[in-house]
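Structural description and commentary
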Amino acid sequence: MKAAIIGSTGYGGAELIRLIQNHPFLEVGSLISTSRAGPVDKIYPHLSHLSSELQELDLDLLCENNDMVFLATPPGVSSQWTPLIAERGKIVIDLSGDFRLYPETYQAWYDKEPAPITWLKKAVYGLSEWFGRQVKDAQIISNPGCYPTAILLALLPLLQAKVLDISSIIIDAKSGVTGAGRGLQQGLLFTEVNENLRPYKVDGHQHIPEIERFASQVAGDSIYINFVPHLVPMNRGILVTIYAKLVKDCSNQVLKEIYQTIYEAAPFIRLCEGRWPETKHVQGSNYCDIAWHLNKRTGQVILLSAIDNLMKGAAGQAVQNANLRMGWPEETGLTFSPLFP
Ligand SMILES: NC(=O)c1ccc[n+]([C@@H]2O[C@H](COP(=O)([O-])OP(=O)(O)OC[C@H]3O[C@@H](n4cnc5c(N)ncnc54)[C@H](OP(=O)(O)O)[C@@H]3O)[C@@H](O)[C@H]2O)c1
């Protein structure tokens, strides 16, 4: 199947090209760029073994020449293009936040016009391990945000098991710089990021409503979280530490059984025992490493989760969703080991 990418010169787009090119059932189709033209290796020399050309967006041509379309575009783009592509019968996988929230919440947190409600209703949230069954029938797959992926994968098992005091959830997260995309920003200069650790959006990151929406859905109760992200001087990776009080007297063994039961058949979830998740252990791969620790002195549980933001947090999960949608084995094209050291 031919897969097109809109936003192909961004970090998410480049990672999609890398994955699709190695996928046995997908072929790199149209690579759309609004700002650049010519061979893709002019932008990305590491892809100089590919002969693809960047193209302007022509909707009819795009839908004629491709079976599936990935959008790796900033907020506010997919809400306009996805309906036009979907009504031409194509499968859309959107990496942006445009289809993850209710319209009024989207408007409040992204300060943009939401996608039309009829199309929003058709979108399925593609957190593969939790909503994979719905993804199988979806025409629009809304790929989760990078932080929500790392956080929800660690948190949802304990929410579903109803062992957490849901008013007590505190999330501390750290991300590498690619999480901010490839666009130029003064605050992302080497001199300002290197040897620095910076909290940002302490007053409200746009991933908060996404985490709260799907955490609430699984818990069956309204959840509000404290979430503070930090920028770390590294290229890729997210490490999340979650603190919450337990409402039930749980042993480490009970927690382990909850995670093992839920993720028994999940090829990309690695439950860590005898080690803690590290970004280096998942770099370049689609794995999410998860660990838990019971602090008996405080009665709190500490959850840790690590992903590569461009892989499980973006392009890797998008390809995993394409696999689920097409009925291919979930791991197709994604089974390589992390890059280490
Ligand atoms: N980076 C991550 O870790 C990550 C993780 C999960 C989700 N996401 C989400 O995925 C999306 C892409 O992220 P990214 O990191 O790849 O961003 P990026 O590096 O900034 O790339 C976005 C690309 O979108 C294209 N674009 C910009 N304005 C456009 C417009 N008005 N219409 C159409 N295309 C436009 C640009 O390519 P052209 O100039 O070539 O058109 C740009 O290279 C974002 O919504 C982001 O929130 C990112």
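Residues numbered from 1 in each chain as written. Predicted model: local features only at pLDDT ≥ 70, side-chain atom pairs only at ≥ 80, totals over all residues. Heavy atoms only, no water.

As recorded in an unreviewed UniProt entry, the protein goes by the name N-acetyl-gamma-glutamyl-phosphate reductase, listed as coming from Thermoflavimicrobium daqui. UniProt's Sequence similarities (unreviewed entry) comment on the protein is quoted here verbatim: "Belongs to the NAGSA dehydrogenase family. Type 1 subfamily." (UniProt positions renumbered as here; feature names shortened; annotations may be inferred.)

Looking at the side chain of Q206
Among the secondary structure elements, Q206 is positioned in the loop between strand 10 (198–199) and helix 9 (208–219). For Q206, the side chain forms a polar contact with the side chain of K201, separated by 2.9 Å. (Helix = DSSP H or I, 4+ residues; strand = E, 2+ residues; numbered from the N terminus. Polar contact = N/O pair within 3.5 Å; in protein donor to acceptor, adjacent residues only side chain to side chain.)

Re the UniProt feature "active site" (unreviewed entry) in the protein
Cross-referencing UniProt, the feature "active site" (unreviewed entry) maps to C146 in the present numbering. Position of C146 relative to the elements: it lies in helix 7 (residues 146–160). Owing to a relative accessible area of 14%, C146 belongs among the buried residues under this scheme. (Buried < 20%, exposed > 50% of the residue type's maximum accessible area, 1.4 Å probe, protein only.)

Re the domain arrangement of the protein
We note that the domain assignment places domain 1 (2–121) and domain 2 (147–309) within the protein. Between domain 1 and domain 2, the C-alpha centre-to-centre distance is 27 Å. Counting residues at the interface gives 12 residues for domain 1, matched by 14 residues for domain 2. Overall, the association of domain 1 and domain 2 removes approximately 1200 Å² of surface from exposure, summing both partners, and the carbon and sulfur fraction of that is 58%. Taken together, domain 1 and domain 2 are joined by two salt bridges. (Domains from an automatic or database assignment. Contact = heavy atoms within 4.5 Å. Buried area = accessible area lost by both parts, 1.4 Å probe. Salt bridge = Lys/Arg side-chain N within 4 Å of Asp/Glu carboxyl O.)

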